[in-house]
Amino acid sequence: MERCHLVNGRQKNVVIIGGGPGGYESALVAAQLGAQVTVIEQTGLGGAAVLTDCVPSKTLIATSDFMSRFASAGRLGVGFEGTDEDQHAQAHAKQVNERILGLAEAQSRDIRAQLESVGVRIKNGRGRIAGPGRVTAELTGGGTEELIADVILLAVGCTPRVMDTAIPDGERILTWQQIYDLTELPEKLIVVGSGVTGAELAHAYLGLGCDVTLVSSRDRVLPGEDADAATVIENVFRRRGMKVLNRSRMAAARREGDEVVVTLEDGREVRGSHVLLAVGSVPLTDDIGLDKAGVEVTRSGHIPVDRVSRTSAQGVYAAGDCTGVLPLASVAAMQGRIAMAHSLGDAVAPLNLRGVCANIFTDPEIATVGYSQADVEEGRIEARVVTLPLSTNPRAKMRNITDGFVKLFVRPGSTTIIGGVVVAPQASELIYPIGLAVQNRLTVDQVASTFSVYPSMTGSIAEAARRLHEAEI
Ligand SMILES: Cc1cc2nc3c(=O)[nH]c(=O)nc-3n(C[C@H](O)[C@H](O)[C@H](O)COP(=O)(O)OP(=O)(O)OC[C@H]3O[C@@H](n4cnc5c(N)ncnc54)[C@H](O)[C@@H]3O)c2cc1C
């Protein structure tokens, strides 16, 4: 139902800077709530999420997963008849990348059409706050437009961090936004950074048949994740032939003819054909007029917000990666929706990060929700924990799945499920029942007594809940 929010007899003006998930989802909500909405976007609708980061990387991973299934076909009794002994599936970089970019552009077009269909005005260009309630758009085609805004939403996102000693050239020294322009697969790829982006892309290229070295500054890959899950992934990486260099921090990267040389801080050198830099992101908050409206900014350049996405300045909200809250498309979109509901007077529930389901798209995937093992170990919450390896799950055996587990965290006393980890192929599809349990404070017995399909991977979630009942929490 459309409601109309009037200021002195006119519709409220909402101006959104940035058309990624934080921006475009907000625009849809604001239009539904009856506001006059303008989105200013300098690159393309859908933002980095759709055009360079989330969508392209997951599409690349879909191809890589497909290749991995070929590689394991023999173990399920499948051979390729009439072929040479050494025949194997091969990925063609040009076709793979064309498909990825085509898919991203199509999704961007869909978002534009969806926004236009609900009456959102789109300005192609760069937005900047000009003063309280005023935004200017420097239009891509030339000229400037000044917009009056009752509500401003900043959803400008982030860009890859670049080090002075390793400047990307788009050919062999690459950020994750430049890899889709390659026409051939890297022969010897060095991935620097073993956080989520580094781990996902290192594994994707390994699956595509590249020789991959992962340079990780920490003791293990995925340092911010569940330690058991990260250990499974690191073991899988090594077993499949990836070279993982732990406690190895990059000092510099340079080109030497057709080679790249990565120098580590201890003086060692790693040579390859290409290097992919995944060493973090920086917010795009420079020169967007934050000072003109009195919007506070942290030393890292992030815009602090409260749980309804308000910044320090009245009428100015922020959503997504530029807030530094949690760099996920789903969180950006939720922050944006909350901002619009709050500013336009609709019912609003403040952001609750405990209910966020997150996933790392390696193979197996790591999906998490709610409290973590680190929260328990560092005393932030008291919980009983049960971990069930997938090797005992009948469906996993049928599918030749050997790596992975289900882990549940339960609050003693109330016996409610407060968190979980799933390490499995397509864990992203398996975390939702645990997410429902966490969000709705279900008890272990409620989960244990819910039917699961036999045989199924979700059977392990019900089984883990039964184990917790037996443990008499
Ligand atoms: C490799 C990679 C993979 C990822 N995979 C996932 C995933 O699988 N799932 C997930 O949930 N998250 C994923 N993420 C995170 C996700 O991409 C971000 O959380 C999400 O993009 C944040 O959305 P946003 O709207 O804040 O910013 P963005 O998507 O970055 O959009 C911001 C937009 O603002 C525009 N902009 C900036 N400044 C201005 C200005 N002054 N004027 C006009 N326009 C401007 C930019 O051009 C951009 O289009 C991934 C990130 C990376 C790096």
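Predicted model only: the values in this text are computed from it and were never measured. (Residues numbered from 1 in each chain as written. Predicted model: local features only at pLDDT ≥ 70, side-chain atom pairs only at ≥ 80, totals over all residues. Heavy atoms only, no water.)

### As for the overall build of the protein chain
Working step 1: Along the backbone of the protein chain there are 14 helices and 24 strands.
Working step 2: Relative to the compact-globule value of 23 Å for 473 residues, the protein chain shows a C-alpha radius of gyration of 24 Å, a close match.
Working step 3: Each principal axis of the C-alpha distribution contributes one length, and for the protein chain these read about 70 × 65 × 45 Å.
Working step 4: Scored against the burial criterion, the 473 residues of the protein chain give a buried share of 50%.
Working step 5: By sequence separation, contacts in the protein chain at least 24 residues apart represent 63% of the contacts at least 6 residues apart. (Helix = DSSP H or I, 4+ residues; strand = E, 2+ residues; numbered from the N terminus. Rg over C-alpha atoms; globule rule 2.2 N^0.38 Å. Buried < 20%, exposed > 50% of the residue type's maximum accessible area, 1.4 Å probe, protein only. Contact = heavy atoms within 4.5 Å.)

### Details of the packing of helix H3 (residues 54-71) against helix H4 (residues 93-117)
Working step 1: At a minimum axis separation of 9 Å, H3 and H4 run at an interaxial angle of 140°. The angle between H3 and H4 places the two elements in the oblique class. Considering the relative orientation of H3 and H4, their crossing is right-handed. Of the residues in H4, those in contact with Val55, Pro56, Thr59, Leu60 and Thr63 of H3 are Val96, Arg99, Ile100, Leu103, Ala104 and Gln107.
Working step 2: Counted by class, the contact of H3 with H4 contains 7 nonpolar, 3 polar and 1 charged residues. (Axes fitted to C-alpha atoms, helices over the stretch in contact; angles between N-to-C directions. Parallel < 35°, antiparallel > 145°, perpendicular 65-115°, else oblique. Left-handed = near helix turned anticlockwise from the far one by under 90°. Nonpolar A, V, L, I, M, F, W, Y, C, P; charged D, E, K, R; others polar.)

### Brief notes about helix H12 (residues 432-439)
Three- or four-residue spacings in an α-helix give side chains the same orientation, since the helix completes a turn every 3.6 residues.
Working step 1: For H12, the complete set of buried residues consists of Ile434, Gly435, Ala437 and Val438. Here the buried residues of H12 occupy an arc of 160° about the axis, which is enough to place them on one side.
Working step 2: Following H12 by one or two positions, arginine 441 has its phi on the positive side, about 50°. (Arc of directions from axis to C-beta.)

### Concerning the nonpolar core
Working step 1: Formed by 44 residues in total, the largest nonpolar core has its most connected members in Leu60, Tyr205, Val212, Leu222, Met242 and Ile366.
Working step 2: Where this core is concerned, the elements lending two or more residues are H3, H4, strand E11 (188-192), helix H5 (196-207), strand E12 (211-215), helix H6 (227-239), strand E23 (405-410) and strand E24 (417-424).
Working step 3: For isoleucine 366, the residues in contact, after removing those within four places along its chain, are Leu222, Ala229, Ala230, Ile233, Ala358, Asn359, Ile360, Val421, Val422 and Val423. (Core = buried A, V, L, I, M, F, W, Y, C linked by side-chain atoms within 4.5 Å.)

### Brief notes about the site of the ligand
Working step 1: If you check the shell around the ligand, you find 36 residues, and the closest are Gly22, Glu41, Gly127, Asp321 and Ala329.
Working step 2: Residue glycine 22 places a main-chain N or O atom 2.9 Å away from an oxygen atom belonging to the ligand.
Working step 3: Within the complex, the protein chains bury 92% of what would otherwise be the 1,000 Å² of accessible surface of the ligand.
Working step 4: At the level of elements, helix H1 (21-32), strand E4 (36-41), helix H2 (47-51), H3, strand E5 (121-131) and helix H8 (329-343) are the ones that each hand at least two residues to the shell around the ligand.
Working step 5: Looking at the shell around the ligand residue by residue, the classes come out as 16 nonpolar, 15 polar and 5 charged. (Near = heavy atom within 4 Å. Polar contact = N/O pair within 3.5 Å; in protein donor to acceptor, adjacent residues only side chain to side chain. Areas by Shrake-Rupley, 256 points an atom, 1.4 Å probe, with all protein chains shown as cover.)

### Some words on the side chain of asparagine 246
Working step 1: In this fold, asparagine 246 is placed in the loop between strand E13 (243-245) and strand E14 (250-256).
Working step 2: A polar contact of 2.9 Å, which involves the side chain of asparagine 246, links it to the backbone oxygen of aspartate 219.

Bear in mind that shape data such as this cannot, by itself, settle questions of function.
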